[in-house]
Amino acid sequence: METFDVAIVGGGPAGSTCAAFCAEAGLRTLVLEREKFPREKVCGDCINPASWPVLEKLELAEQIRNRPHGVLDAVEFIAMGGQKLRADLPRRDNGMISVKRSLFDHLLLERARTVGAEIREEATVIALDRTAAKNWKIDIVREAFAARIIVGADGRNSTVARLRNLLPRPERERVALQAHIPLPRDFGDRIVLQFLPEGYSGQAPVNDSELNLCLVGTPPTISSLRNWAEREFKLAAEQAWRKNHSRRRSPTCNTRIHSCSSRDVSRAIVDQSNRARGRLIAAVRVAAPTS
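Residue numbers run consecutively from 1 along every chain, following the written order of its sequence. Local features are withheld for residues below a pLDDT of 70 in this predicted model, meaning they are given only at 70 or higher, and side-chain atom pairs are given and counted only at 80 or more; totals for whole chains, interfaces and linings count all residues. The basis for every side-chain value is the complete set of non-hydrogen atoms in the structure, without hydrogens or water.

Novice: Before we go on, may I ask you to explain the packing of aromatic side chains in this structure?
Specialist: Geometrically, a pair of aromatic rings is defined through the distance of the ring centres and the angle of the planes. Any two of the Phe, Tyr and Trp rings considered here, Trp counted by its six-membered ring, make a pair once their centres fall within 6.5 Å; the pair's planes then place it as stacked at under 30 degrees, edge-to-face at over 60, or tilted in between. With the rule as written, the count across this model stands at 3 aromatic pairs. Between phenylalanine 4 and phenylalanine 145, the ring centres sit 6.1 Å apart and the planes meet at 65°, which makes this aromatic pair edge-to-face. Taken together, the positions of phenylalanine 4 in strand E1 (residues 2–9) and phenylalanine 145 in strand E11 (residues 143–152) put the pair 141 residues apart, joining distant regions of the chain. Seen in terms of ring centroids, tryptophan 228 and phenylalanine 233 are 6.1 Å apart; in terms of plane orientation they differ by 85°. Their pairing is edge-to-face. The numbering of helices and of strands both runs from the N terminus, where a helix is a DSSP run of H or I of at least 4 residues and a strand a run of E of at least 2.

Written out as structure tokens, the structure is:
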């Protein structure tokens, strides 16, 4: 059985970045990713400016800037009643951009491979145990590995956490749909967060011709959200959607979380719009799909 210094389950941005830094530090590194890259993923597709120093260290910043992407200069909140609140974003070289996950994640995974990490795609972890030597034994279909350290970078419904009985209990179910659709005329360089009775929608241009459209609701409301999107964006009924059925989970550490519903946020936007002065400062934690 092959032994590694570190095994990372999940080849998304967190797992690939961890793998690249481990490999560059001289550690024998393994990444186990259940999908075949490149692939799309249910996500808002936006890169926070705080990510640029990490991308520079990975020597990927220029490559990402040279790939098709959207440059975002504002976030617009739309309340259920139609009131709008716009917050401008700084316009600079290392500002907010949006890029498809099929491009972004693939660049990161290939960087990890280039600097020496061993990448196993289409590899689903099915068992995880401690060995007599205190290493981790990781089983995938028809193969097994050993590692001194294991990193679970496999998302909200982590297989690593589930196999080690560390997965927090689910608190709330959410269903997310995502599609890349033709970019509406005059959409602008903005992110839109639109609050609706059934949930909310996130929208952002990912290049000169496509809009990332996300819908987040509950199992009973997601069909109504999809119907709204078909009317709003003039989509065909056979429009293909990527789907993520996720569960909001309790935090694994003792952290205070301030949360509110989309109706609460909508009321805050209406209140701020009516006063037409000051700033809206809101701490909102929503169960959006993640990597």
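Novice: Can you walk me through the state of the cysteines in this structure?
Specialist: Disulfide: a pair of cysteine sulfur atoms within 2.5 Å of each other. Overall, the coordinates contain 0 disulfides when judged by the stated rule. Cysteine 22 carries a free sulfur, and the closest cysteine sulfur to it, the one in cysteine 18, is 4.0 Å from it. Relative accessibility decides the category of a residue: with a 1.4 Å probe and only protein chains considered, values under 20% of the type maximum give buried, values over 50% give exposed, and everything between is partly exposed. With a relative accessible area of 14%, cysteine 22 lands in the buried category.

Novice: What am I meant to see in helix H4 (residues 101–114) here?
Specialist: Three or four residues apart is the spacing at which side chains of an α-helix point the same way, because the helix has 3.6 residues per turn. In this model H4 runs 19 Å from its N-terminal to its C-terminal C-alpha over 14 residues, within 8% of the 20 Å that 1.5 Å per residue would give. The contact criterion used is simple: two residues touch if any of their non-hydrogen atoms lie within 4.5 Å. Buried residues in H4 make contact with helix H1 (13–24), strand E2 (29–32), strand E3 (46–47), helix H2 (52–57), helix H3 (61–66) and strand E8 (118–120). One or two steps after H4, the chain reaches glycine 116, where phi turns positive at roughly 120°. Take the residue count of a helix, subtract one, and multiply by 1.5 Å to get its expected span.

Novice: Is there a simple way to explain the side chain of asparagine 207 in this structure?
Specialist: Along the chain, asparagine 207 turns up in the loop between strand E14 (199–205) and strand E15 (210–217). Classification of asparagine 207 by relative accessible area gives buried; the value is 13%. Polar contacts here mean pairs of N or O atoms no more than 3.5 Å apart (in protein, one a potential hydrogen donor and the other a potential acceptor; neighbouring residues in sequence count only if both atoms are side-chain atoms). A polar contact is formed between the side chain of asparagine 207 and the backbone nitrogen of serine 209, at a distance of 2.9 Å. Not counting residues up to four positions away in its chain, the partners in contact with asparagine 207 are Pro68, His69, Gly70, Lys100 and Leu183.

Novice: Teacher, can you tell me more about the pairing of strand E5 (residues 74–78) here?
Specialist: In regular strands, side chains alternate between the two faces of the sheet. In terms of residue burial, E5 counts as a mostly covered element, since 4 of its 5 residues are buried. Criterion used throughout: strands pair if DSSP finds at least two bridges between them. The antiparallel pairing of E5 with strand E6 (residues 84–88) creates a hairpin that spans 5 residues between the two strands, and glycine 82 there sits at a positive phi of about 100°. Pairing of E5 with strand E13 (residues 190–196) involves 5 bridges; the strand directions are parallel. Its bridge partner lying in E13, glutamate 76 is registered against valine 192.

Novice: How should I be thinking about the nonpolar core in this particular structure?
Specialist: In globular proteins that are soluble, nonpolar side chains generally tend to be buried together. Nonpolar core, defined: a set of buried Ala, Val, Leu, Ile, Met, Phe, Trp, Tyr and Cys residues in which side-chain atoms within 4.5 Å join the residues together. Judged by nonpolar contacts, the single largest core of 25 residues is most densely connected at Ile47, Leu55, Ile64 and Phe104. Looking at this core, the elements with two or more residues in it are E1, H1, H2, H3 and H4. Counting residues per element, this core draws most heavily on H4, which supplies 5 residues. Setting aside chain neighbours within four positions, we find leucine 55 in contact with Ile47, Leu60, Ala61, Ile64, Phe104 and Leu108. Listed in part, the 18 residues of the second largest apolar core include Leu177, Ala179, Leu225 and Phe233.

These figures capture arrangement, not role.
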